[in-house]
Amino acid sequence: MPSPIRALVVGAGQRGLIYASYAQYHPDELQIVGVAEPDPHRREMTQRLYGLPSEFCFPTAEEAARRPRFADVAINGTMDHQHVATSLPLLEAGYDMLLEKPFAVSESEMWDLVKAAQTHERHVMICHVLRFAAFYAAIRRLVLDGEIGDVISMQTAEHVTYHHMVVSYVRGKWARAEGGHASMLLAKCSHDLDLMAWMKSGIKPRAVASFGSNFQFRPDRAPKGAGTRCLLDCAIEPECIFSARKHYLDLDDRRNFYVWDGLHTPGEPTLEEKAAYLATDSPYGRCVWKCDTQVVDHQSVVVDFEDGSTATHNMVGGAARPLRSIHLVGTRGEIQGTFEDNRFVVRRIDPRSSGGQTWEYTEELVDLSVGDHASCTSDHHGGGDLRLVEDFLRVVRGEAPSISTTSLDDSVVGHLIGFTADRAMAERRVIDLTL
């Protein structure tokens, strides 16, 4: 057996450590040998988790890059605006890289990273994890096999739940440009825009339009009696669906680690300490209508591709149910499904007519929640997180990856649609990408 690929973890946050965890399941394929993380608590936690020597634990990616190369690859899970700055010195130092999305927060940054990867001849794989979910991989295979002919129209949607919308994009770090640095569309929907580009791989977008706004989370929409903080001065808190008490004290949710990140107490904070924090200093205790958020809560994107096909994506924040849906219509049939249901329908045109008046179709339900794919839904990306790492290691070893892996140039297309859509929305015009 070949030696395991040695990896440096850059940014020991949630995403970086999820990808690094592949080493715990497959130590014969991946070995974590270093960490670069500015937070001493996270750095020490990662050091203990993987038994790392202190000389390979760094506060910054730049310091790690200055050392003689001691790993084969870097797993970069830093914050959105840090992706390019932390990647450039490591690419120059000779590291191949697995890089979290969105891999840049501006178009100029995006091209800087592409140029560096080309100049230093490094593999850079962007963490488009939904490509690796069994649901989307199965749909892509059908498209590649010509099951529905040429794709004429594509409709995708993402409904962001009221809790996720509020914790991340209204009260949280992605609410303002100086916090998350990426727009709502790029931060939340770069997956969807990438899927759109991937389904049309090799066919470039030629024009983009977009519309959206913050419809709901603004002061003039605040109900009568709403205060400034849920646990301080709000008369309607017990009935409010956005109550910080309900969201962060009563609800055990996977995203709530963001909420307590700024509460530094010895050991696990008590319920009383958490409540006091929400009532005073925490940004997560603010009234959702009075947070001065800068992001949209809904946005629609329309793309015209160079082959004449079109695609739309609709993001809606504040929905009751999390949902990602896709509907592809081709020259010979269509595919329609919902990611959370882990099933889709394939409809194929049947040329036999009924009474000479009505055209028929055959319908096939593909249910991935049973059978071989059932075990691939264990994470929140349909099993895509660790499948992504598996393919990345194949690429580094020089082996053939799955259909889910494409080049960095392909990843550029989805990001370019996002940057252009935000500009089109701001300028209220259609932007021609061929000029």
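Summarised in this report is the structure supplied together with it. Source: prediction; values computed, not measured. (Residues numbered from 1 in each chain as written. Predicted model: local features only at pLDDT ≥ 70, side-chain atom pairs only at ≥ 80, totals over all residues. Heavy atoms only, no water.)

### Section: the pattern of salt bridges
For step 1, the next point in the chain: What the rule picks out here adds up to 23 salt bridges.
For step 2, the next point in the chain: Across the pair arginine 15 and glutamate 100 runs a salt bridge whose closest N-O atoms are separated by 3.2 Å. Of this pair, arginine 15 sits in helix H1 (residues 14-20) while glutamate 100 sits in the loop between strand E5 (96-99) and helix H6 (107-119), placing them 85 residues apart in sequence. Considered together, arginine 15 and glutamate 100 belong to a single accessibility category, that of buried residues.
For step 3, the next point in the chain: With its nearest N and O atoms 2.4 Å apart, the salt bridge here joins aspartate 391 to arginine 394. With aspartate 391 and arginine 394 both in helix H12 (residues 384-397), this residue pair falls three residues apart, about one helical turn.
For step 4, the next point in the chain: The buried category is assigned to aspartate 391, whose relative accessible area is 1%.
For step 5, the next point in the chain: Salt bridges sharing partners connect three or more residues here, namely Glu158, Lys188, Asp192 and Arg324. (Salt bridge = Lys/Arg side-chain N within 4 Å of Asp/Glu carboxyl O. Helix = DSSP H or I, 4+ residues; strand = E, 2+ residues; numbered from the N terminus. Buried < 20%, exposed > 50% of the residue type's maximum accessible area, 1.4 Å probe, protein only.)

### Here's the deal with the pairing of strand E10 (residues 310-319)
For step 1, the next point in the chain: Note that strand E7 (residues 151-161) and E10 share nine bridges and pair parallel. From the neighbouring strand, glutamate 158 faces E10, where its bridge partner is methionine 315.
For step 2, the next point in the chain: Here strand E9 (residues 298-305) pairs with E10 via seven bridges, running antiparallel. What sits directly across from valine 302, in E10, is threonine 312.
For step 3, the next point in the chain: Counting the residues that bridge the hairpin from E9 to E10 gives four residues, and of these glycine 308 lies at a positive phi of roughly 95°. (Pairing = 2+ DSSP bridges.)

### Some details on the side chain of arginine 347
For step 1, the next point in the chain: Its location among the elements puts arginine 347 in strand E13 (residues 343-354).
For step 2, the next point in the chain: In terms of polar contacts, arginine 347 uses its side chain to reach the side chain of glutamine 336, at 3.0 Å. (Polar contact = N/O pair within 3.5 Å; in protein donor to acceptor, adjacent residues only side chain to side chain.)

### A look at the nonpolar core
For step 1, the next point in the chain: By size, the foremost hydrophobic cluster in this structure holds 103 residues, and its most contacted members are Leu90, Phe103, Val124, Tyr136, Tyr248, Leu278 and Phe344.
For step 2, the next point in the chain: Here this core takes 11 residues from helix H9 (residues 184-199), the largest share from any one element.
For step 3, the next point in the chain: In this view, tyrosine 136 contacts Leu130, Leu195, Trp198, Met199, Arg324, Ile326 and Phe339; residues no more than four positions away in its chain are not counted.
For step 4, the next point in the chain: Grouped together as the second largest cluster of nonpolar side chains are 28 residues, Ala12, Leu17, Tyr19 and Tyr22 included. (Core = buried A, V, L, I, M, F, W, Y, C linked by side-chain atoms within 4.5 Å. Contact = heavy atoms within 4.5 Å.)

### Comments concerning helix H11 (residues 271-279)
For step 1, the next point in the chain: Looking at H11, one finds that the buried residues are Lys274, Ala275, Tyr277, Leu278 and Ala279.
For step 2, the next point in the chain: Residues of H11 that are buried sit in contact with helix H10 (244-250).

### A look at helix H8 (residues 162-170)
For step 1, the next point in the chain: The buried fraction of H8 amounts to eight of the nine residues, a majority that puts the element mostly inside the structure.
For step 2, the next point in the chain: Within H8, burial applies to His163, His164, Met165, Val166, Val167, Ser168, Tyr169 and Val170.

### Focus on the packing of H8 against H9
For step 1, the next point in the chain: Relative orientation of the contacting elements H8 and H9 amounts to 135°, with a least axis distance of 11 Å. Comparing their axes, H9 and H8 come out oblique. Where H8 crosses over H9, the two elements pack in a sense that is right-handed. Of H9, the residues touching H8 (which contributes His164, Met165 and Tyr169) are Met184, Ala187 and Lys188.
For step 2, the next point in the chain: Partitioning the contact of H8 with H9 into residue classes produces four nonpolar, one polar and one charged. (Axes fitted to C-alpha atoms, helices over the stretch in contact; angles between N-to-C directions. Parallel < 35°, antiparallel > 145°, perpendicular 65-115°, else oblique. Left-handed = near helix turned anticlockwise from the far one by under 90°. Nonpolar A, V, L, I, M, F, W, Y, C, P; charged D, E, K, R; others polar.)

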